[in-house]
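Examining the three-dimensional arrangement
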Amino acid sequence: MTSLYGFTLDGLEAWLGERGHRKFHAMQAWESLYRKRVRDFAGMEAAGVKPEVARLLEASFAIGTLEEHTRQESVDGTVKFLFRLQDGNLIETVLMKHKFGLSVCVTTQVGCNIGCSFCASGLLAKSRDLTAGEIAEQIMRVQLFLDDAGHGQRVSHIVVMGIGEPFDNYAHLMDFLAIVQHPKGLAIGPRHITVSTSGLTAKIREFADSGVPANLAVSLHAPNDELRTRIMKINKAYPIAKLLDSIDYYLERTRRRITLEYILLADVNDRREEAQQLAELVRSRPQLLRLANVNLIPYNPVDEHSQYRRSTQEAIDGFYDVLKKNGVSVSVRLEHGADIDAACGQLRSKQLRGGEGKEPAAAGV
C-alpha cells in the first residue's frame, strides 16, 4: 500500500481534484496528517476531514507503512530506530538531541552503492530507493514517538545523512523536502535542513538550480585524489577538481554556506600533512574559503572495516589547529549515541548478520 505521506500538498490537491473534490478538502487532509498528526483514517474524520474524502483516501493509501523493528536509546538522549519496510527491508533513523533542538537523521535508500571503504552503510549494496513517503514517514514516526512521551517536543531539524546517497534518489528527495518544509505541514525551515552528498557533481549543480533552500554538506574526507580514491571509490568518477567546480557553481548560484565533511581515520588522513593540504585546497578557491566550514568527524569503528581506527584526541586537535591557523572555518562534530550502534548503518548490518530482515536479492550479500 502506498503511503499518504508521499504526497506533496500540490499532489494531493491534484489527486483529489481529479475525483471531484476541492483544494480545501486536500488542505484539511494534509493538516490532519501533519498538524493534528492523526494515526488512522477514523482519526482523520474525527479531525474534521469530510468522511467521503477520508474513505476515498483509505481505499487507496495507508497512513504509515513502516513497522518499528528495534529501538536503541543512548544515555545522551540519542534514539536509533530500525524500521521494517513493507517489503521486509530494514532502514535506520536517528533522533539526536542538541542544545538548539531535536534533529532527525533520515535514510533515503535501502543500502548504498557509493562504497566508501570506512562506512557501515555501504556494506550492503543498494537494492532500491525509498519513496518520498517512506522518507517523510521517518520524520513522522519520530514525531509521534515524541508526542507519546508527552513533553510537547517537536522535530526542529533534519539531516539527510542516513543510509544511501540522497542525490542518487533525487526526485523522491525533492518531494520529501517540499513535504517537510511546507508552512501548512511540519513547517521545518530550510535553514534547519541539511542534505549530504558524497559528491554527485551533476546533481549538486541541479540542486543549485532548483531554488530549494536547504543546506548542503559534501563528504570530502581527503585532500588529494590519490587518498580520496583509496577510501572513496566515487572519486574515480568525480575527482576533487571536478567536485570543487560543482561546489563553486553551487556557491555562486545560492550564496549559501556549505559544509565539507571530513571523517578522521587514524594514520590515514588525519596527519598535519593532510590538514595543510586541505587548508591549501580551501584557500585556493576564495569563494570556498569564505562560505565553507570543514566539519571534522571522529570515526566510529565498524567491525567489518577493522583496517580503520579512530584518531587520537591529539591528532584531532592538531588537524583542527592547522586549519584554524590557515584561516579555514572548522568545527568538530559532537558525538551522539556512543554507547549504542553509533555508526550509520551499523544497527541494520548487525540485524542482517543475525539473519533478521530481508537481504537484497541482487546485492551479492
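Here is what the cut-offs are and how they apply
- Residues numbered from 1 in each chain as written.
- Predicted model: local features only at pLDDT ≥ 70, side-chain atom pairs only at ≥ 80, totals over all residues.
- Heavy atoms only, no water.
- UniProt positions renumbered as here; feature names shortened; annotations may be inferred.
- Helix = DSSP H or I, 4+ residues; strand = E, 2+ residues; numbered from the N terminus.
- Buried < 20%, exposed > 50% of the residue type's maximum accessible area, 1.4 Å probe, protein only.
- Domains from an automatic or database assignment.
- Buried area = accessible area lost by both parts, 1.4 Å probe.
- Salt bridge = Lys/Arg side-chain N within 4 Å of Asp/Glu carboxyl O.
- Polar contact = N/O pair within 3.5 Å; in protein donor to acceptor, adjacent residues only side chain to side chain.
- Axes fitted to C-alpha atoms, helices over the stretch in contact; angles between N-to-C directions.
- Parallel < 35°, antiparallel > 145°, perpendicular 65-115°, else oblique.
- Left-handed = near helix turned anticlockwise from the far one by under 90°.
- Contact = heavy atoms within 4.5 Å.
- Nonpolar A, V, L, I, M, F, W, Y, C, P; charged D, E, K, R; others polar.
- Arc of directions from axis to C-beta.
- Pairing = 2+ DSSP bridges.

Where an unreviewed UniProt entry is consulted, the protein chain appears under the name Probable dual-specificity RNA methyltransferase RlmN, with the organism given as Paenibacillus pasadenensis. Turning to the protein chain, the UniProt record has this under Sequence similarities (unreviewed entry): "Belongs to the radical SAM superfamily. RlmN family."

Focus on the environment of Gly20
Inspection of the secondary structure assignment puts Gly20 in the loop between helix H1 (9-17) and helix H2 (23-34). Owing to a relative accessible area of 65%, Gly20 belongs among the exposed residues under this scheme. For the pair Gly20 and Thr70, spaced 50 residues apart in sequence, the C-alpha to C-alpha distance is 42 Å.

Re the domain arrangement of the protein chain
Structurally, the protein chain comprises domain 1 (4-59) and domain 2 (67-348). Here the C-alpha centre of domain 2 lies 33 Å away from the C-alpha centre of domain 1. Summed over both sides, the interface of domain 1 with domain 2 buries roughly 1300 Å², with 62% coming from carbon and sulfur. It is Tyr5, Arg37 and Arg39 that lose the most area in domain 1 upon contact with domain 2, and together they represent 43% of the buried surface on that side. For the pair domain 1 and domain 2, the interface holds two salt bridges. The residue Asp148 makes a salt bridge to Arg39 at a minimum N-O spacing of 2.7 Å. Our enumeration of links across domain 1 and domain 2 arrives at five residue pairs in polar contact (both at pLDDT 80 or more).

Details of the packing of helix H5 (residues 132-149) against helix H6 (residues 170-181)
Look at H5 against H6: their axes get within 8 Å of each other, and the N-to-C directions meet at 40°. As far as their axial angle goes, H6 and H5 are oblique. By crossing handedness, the relation of H5 to H6 is classed as right-handed. When H5 is examined against H6, the residues Ala132, Ile135, Ala136 and Ile139 are found in contact with a partner set consisting of His172, Asp175, Phe176 and Ile179. For the contact of H5 with H6, the per-class residue count stands at six nonpolar, one polar and one charged.

So, the packing of H1 against H2
Interhelical geometry of H1 versus H2 gives an angle of 130° and a closest axis separation of 8 Å. It follows that H1 is oblique to H2 by the angle criterion. Two packed elements cross with a definite hand, and for H1 against H2 that hand is right-handed. Two secondary-structure elements touch here, H1 through Leu9, Leu12, Glu13 and Leu16 and H2 through Lys23, His25, Ala26, Met27, Ala29 and Trp30. Per-class residue counts for the contact of H1 with H2 are seven nonpolar, one polar and two charged.

Focus: the UniProt feature "binding site: [4Fe-4S] cluster" (unreviewed entry) in the protein chain
Using the residue numbers shown here, the UniProt feature "binding site: [4Fe-4S] cluster" (unreviewed entry) corresponds to Cys112, Cys116 and Cys119. Along the chain, the position of Cys112 falls in the loop between strand S7 (109-110) and strand S8 (128-129). You can see Cys119 is positioned in the loop between S7 and S8.

Here we look at helix H7 (residues 201-210)
Looking at H7, one finds that the buried residues are Thr201, Ile204, Phe207 and Ala208. End-on view of H7: buried residues confined to an arc of 115°, all on one side of the axis. Packed against the buried residues of H7 are H6, strand S10 (193-197), strand S11 (215-219) and helix H9 (240-254). Just downstream of H7 lies Gly211, where phi reads positive at about 80°.

Some points on the pairing of strand S12 (residues 258-264)
For S12, the buried fraction is high: six of the seven residues fall into the buried class. Where S11 meets S12, four bridges bridge the pair, whose relative direction is parallel. Counterpart to Val218 in the pairing with S12 is Leu260. For S12 and strand S13 (residues 292-298), the ladder comprises seven bridges, and the chain directions are parallel. Paired with Leu264 across the two strands is Pro298, which belongs to S13.

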